[in-house]
Amino acid sequence: MKLEPLFYSKDNKLYKIADNSLVDTTSLKRIEIKWSTVELEEESYNEEYLANLRDQLKSYDESGIFAVLVPLVDKPLESPEETELFIAAFNHTARRVKDCVSVVGFELPSELKSTQDFMDTLAIKHAQYIYFSKDKQTSNESIVLY
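Residues numbered from 1 in each chain as written. Predicted model: local features only at pLDDT ≥ 70, side-chain atom pairs only at ≥ 80, totals over all residues. Heavy atoms only, no water.

1. Concerning the packing of helix H2 (residues 47–63) against helix H3 (residues 80–96)
Where H2 contacts H3, the axes come no closer than 9 Å and their chain directions differ by 50 degrees. If you check the angle between H2 and H3, you find them oblique. Here H2 and H3 pass one another in a crossing that is right-handed. Along its contact with H2, which presents Glu47, Leu50, Leu53 and Arg54, the element H3 presents His92, Thr93 and Arg96. (Axes fitted to C-alpha atoms, helices over the stretch in contact; angles between N-to-C directions. Helix = DSSP H or I, 4+ residues; strand = E, 2+ residues; numbered from the N terminus. Parallel < 35°, antiparallel > 145°, perpendicular 65-115°, else oblique. Left-handed = near helix turned anticlockwise from the far one by under 90°. Contact = heavy atoms within 4.5 Å.)

What follows is the structure, given as structure tokens:
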């Protein structure tokens, strides 16, 4: 199931597509997700946790609540191989919640050397996601600063 985007970003701000209104990003729920909770062992994912996350997000769908998923780096992220595993874990997470309208997108972890790899990987199947950052130095217009 491919979802149509409900939001877009411009000038590092978030807007609703329906009426082009500016969205107050402080109204979005932030759901922190530890990498070690998603990926129990290398390329072995916690499907029970992801099913519960999906249930939570589906309840948000019914309530009109929107959320940003916040990946937390709680394992070593120093090598290209570890970066691949991290991105794969959150790409898998995105697949498990792909039908949840409440997911606006993902916060970009500051620990990633290249956030573009993260965004490019998720965009293959989840083009509707918006990416959020607290890094005021970003020049990527597709990232919302908050």
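After that view, the rundown keeps rolling.
2. Brief notes about the pairing of strand E7 (residues 103–107)
Counting buried residues along E7, five of its five residues qualify, which places the element largely inside the surrounding structure. Relative to E7, strand E6 (residues 67–72) runs parallel, the two sharing three bridges. Across the sheet, residue Leu69 finds its bridge partner in E7, namely Phe106. Regarding topology, H3 serves as the crossover connection from E6 to the parallel E7, and that connection is right-handed. Note: E7 against strand E8 (residues 130–133), three bridges, orientation parallel. (Buried < 20%, exposed > 50% of the residue type's maximum accessible area, 1.4 Å probe, protein only. Pairing = 2+ DSSP bridges. Right-handed = clockwise from strand over helix to strand, strands pointing away.)

3. Focus: the side chain of His126
Position of His126 relative to the elements: it lies in the loop between helix H4 (115–123) and E8. Residue contacts for His126: discarding those within four places in its chain leaves Asn91, Ala94, Arg95 and Lys98.

4. Thoughts on the packing of H3 against H4
Where H3 contacts H4, the axes come no closer than 10 Å and their chain directions differ by 35 degrees. For the pair H3 and H4, the crossing hand works out as right-handed. Contacts from Phe86, Ile87, Phe90, Asn91 and Ala94 in H3 reach Asp117, Phe118, Thr121 and Leu122 in H4. When the residues that make up the contact of H3 with H4 are grouped by side-chain class, the tally is six nonpolar, two polar and one charged. (Nonpolar A, V, L, I, M, F, W, Y, C, P; charged D, E, K, R; others polar.)

5. Considering H4
Because the α-helix completes a turn every 3.6 residues, residues three or four places apart line up on one side. Turning to H4, its buried residues number three or more, namely Phe118, Met119 and Leu122. Looking straight down H4, one finds its buried side chains confined to an arc of 95 degrees; they lie on one side. Tucked into the core, H4 has its buried residues touching E6, H3, E7, E8 and strand E9 (143–145). (Arc of directions from axis to C-beta.)

6. Brief notes about the pattern of salt bridges
Taken as a whole, this structure holds seven salt bridges when the rule is applied. As a salt-bridge pair, Arg30 and Glu107 come within 2.7 Å of each other at their nearest N and O atoms. Of the two residues, Arg30 sits in strand E3 (residues 29–34) while Glu107 sits in strand E7, which places them 77 residues apart along the sequence. Its relative accessible area of 11% is what places Glu107 among the buried residues. Residue Glu39 pairs with Lys75 through a salt bridge whose shortest N-O separation is 3.1 Å. Taken together, the positions of Glu39 in strand E4 (residues 39–41) and Lys75 in the loop between E6 and H3 put the pair 36 residues apart, joining distant regions of the chain. Counted as one network, the salt bridges with shared partners bring together Arg54, Lys58, Asp61 and Asp99. (Salt bridge = Lys/Arg side-chain N within 4 Å of Asp/Glu carboxyl O.)

7. Considering H3
Compared with the 24 Å implied by 1.5 Å per residue over 17 residues, the 24 Å span of H3 between its first and last C-alpha is a close match. Residues Leu85, Phe86, Ile87, Ala89, Phe90, Asn91, His92, Thr93 and Ala94 constitute the buried set of H3. (Expected span 1.5 Å × (residues − 1).)

8. So, the sheet that holds E8
In sheet architecture, strand pairing relies on hydrogen bonds along the backbone and comes in two forms, parallel and antiparallel. Reading across the sheet, the five strands line up as E3-E6-E7-E8-E9 and stay open at both edges, with parallel pairing between neighbours. Because the sheet does not close on itself, it has two edges, and the strands there are E3 and E9. Put simply, the sheet's adjacent strands are angled 35 degrees from each other on average, direction ignored. Against the sheet, H2 touches E3, E6 and E7, its axis set at about 175 degrees to E3. Contacts from H4 reach E6, E7, E8 and E9, with the element oriented near 160 degrees to E8.

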